[in-house]
Amino acid sequence: NALALSQVHYFVATGGQGQQMYGTCLTLYEPYLLLPRNSSKRKVYLPKCLTILSTYPYLVAFREYLSQLHRLTKMGDMPMPIERYIVNFCAEIPAPPPGSFEVQTTVLDSVIKFWS
């Protein structure tokens, strides 16, 4: 179903002092069963947005990470909610320091690299 496909959007928010926050948003459409009063069930798709905000412009790496997480959810039961994986990702993977450094992580069969 075309409605069940995911979409990726990028954005940059600029604060009053000129500081920038980079955002990557993966919009998923999850099926939901409506049960109206007349008892005729109807399947609809509700949007769910997974977003990563960062002071670093790692938009492609963030897109890959969110896409792999979505893929992981389609493989079966996950031991934690998907939002918990995002929190762990943001809290545990350090941003590379300025210079020629690279940090990488793996989700399923995808290696995700961050470099500065």
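Source: prediction; values computed, not measured. (Residues numbered from 1 in each chain as written. Predicted model: local features only at pLDDT ≥ 70, side-chain atom pairs only at ≥ 80, totals over all residues. Heavy atoms only, no water.)

Caption draft 1: Geometry of the pattern of salt bridges. Counting across every chain of the model gives 1 salt bridge. Glu30 is the salt-bridge partner of Lys48, the closest N and O atoms lying 3.8 Å from each other. One end of the pair, Lys48, is in strand E3 (residues 42-54); the other, Glu30, is in strand E2 (residues 20-34), and 18 residues separate them in sequence. For Lys48, a relative accessible area of 24% translates into the label partly exposed. Among the residues examined, Glu30 registers a relative accessible area of 34% and is labelled partly exposed. (Salt bridge = Lys/Arg side-chain N within 4 Å of Asp/Glu carboxyl O. Helix = DSSP H or I, 4+ residues; strand = E, 2+ residues; numbered from the N terminus. Buried < 20%, exposed > 50% of the residue type's maximum accessible area, 1.4 Å probe, protein only.)

Caption draft 2: Inspection of the layout of surface pockets at higher detail. In this structure, the largest pocket encloses a volume near 190 Å³. As for the largest pocket, its lining consists of 13 residues, and the residues nearest its centre are Ser54, Phe62, Phe89, Cys90 and Ile93. Broken down by secondary-structure element, the contributors of at least two residues to the lining of the largest pocket are E3 and helix H2 (82-92). Per-element accounting of the lining of the largest pocket gives the leading share, 3 residues, to E3. (1 Å grid on protein atoms, 1.4 Å probe; cavity = no way out; pocket = protein on both sides within 12 Å on 5 of 7 lines; lining within 4 Å. Points joined across faces, edges and corners; volume = space filled by probe spheres on them.)

Caption draft 3: Focus on the environment of Glu64. Mapped onto the elements of the fold, Glu64 is located in helix H1 (residues 59-74). As a C-alpha pair, Glu64 and Ser110 span 46 residues in sequence and 8.1 Å in three-dimensional space. Discounting chain neighbours no more than four positions away, the residues touching Glu64 are Ser110 and Ile112. (Contact = heavy atoms within 4.5 Å.)

Caption draft 4: Focus on the sheet that holds E3. Ordered by their spatial adjacency, 3 strands build an open sheet running E1-E2-E3, and the pairing between neighbours is antiparallel. On the outer flanks of this sheet lie strand E1 (7-14) and E3, each paired with one strand and no other. Taking the axes of each pair of neighbouring strands and ignoring which way they run, one obtains an average angle of 30° across the sheet. Two strands pair when backbone bridges link them, and E1 and E2 are joined in this way by 8 bridges, in the antiparallel orientation. Within E2, the position partnered with Phe11 by the bridge is Gly23. Relative to the sheet, H1 contacts E1, E2 and E3, its axis offset from that of E2 by approximately 20°. (Pairing = 2+ DSSP bridges. Axes fitted to C-alpha atoms, helices over the stretch in contact; angles between N-to-C directions.)

Caption draft 5: Expanded view of the environment of Lys43. Mapped onto the secondary structure, Lys43 falls in strand E3. The class for Lys43 is exposed, based on a relative accessible area of 55%. Spatially, the C-alpha atoms of Lys43 and Thr73 are 20 Å apart, while their sequence positions differ by 30 residues. Once you skip the residues sitting within four places of it in the chain, Lys43 turns out to touch Pro31, Tyr32 and Leu33.

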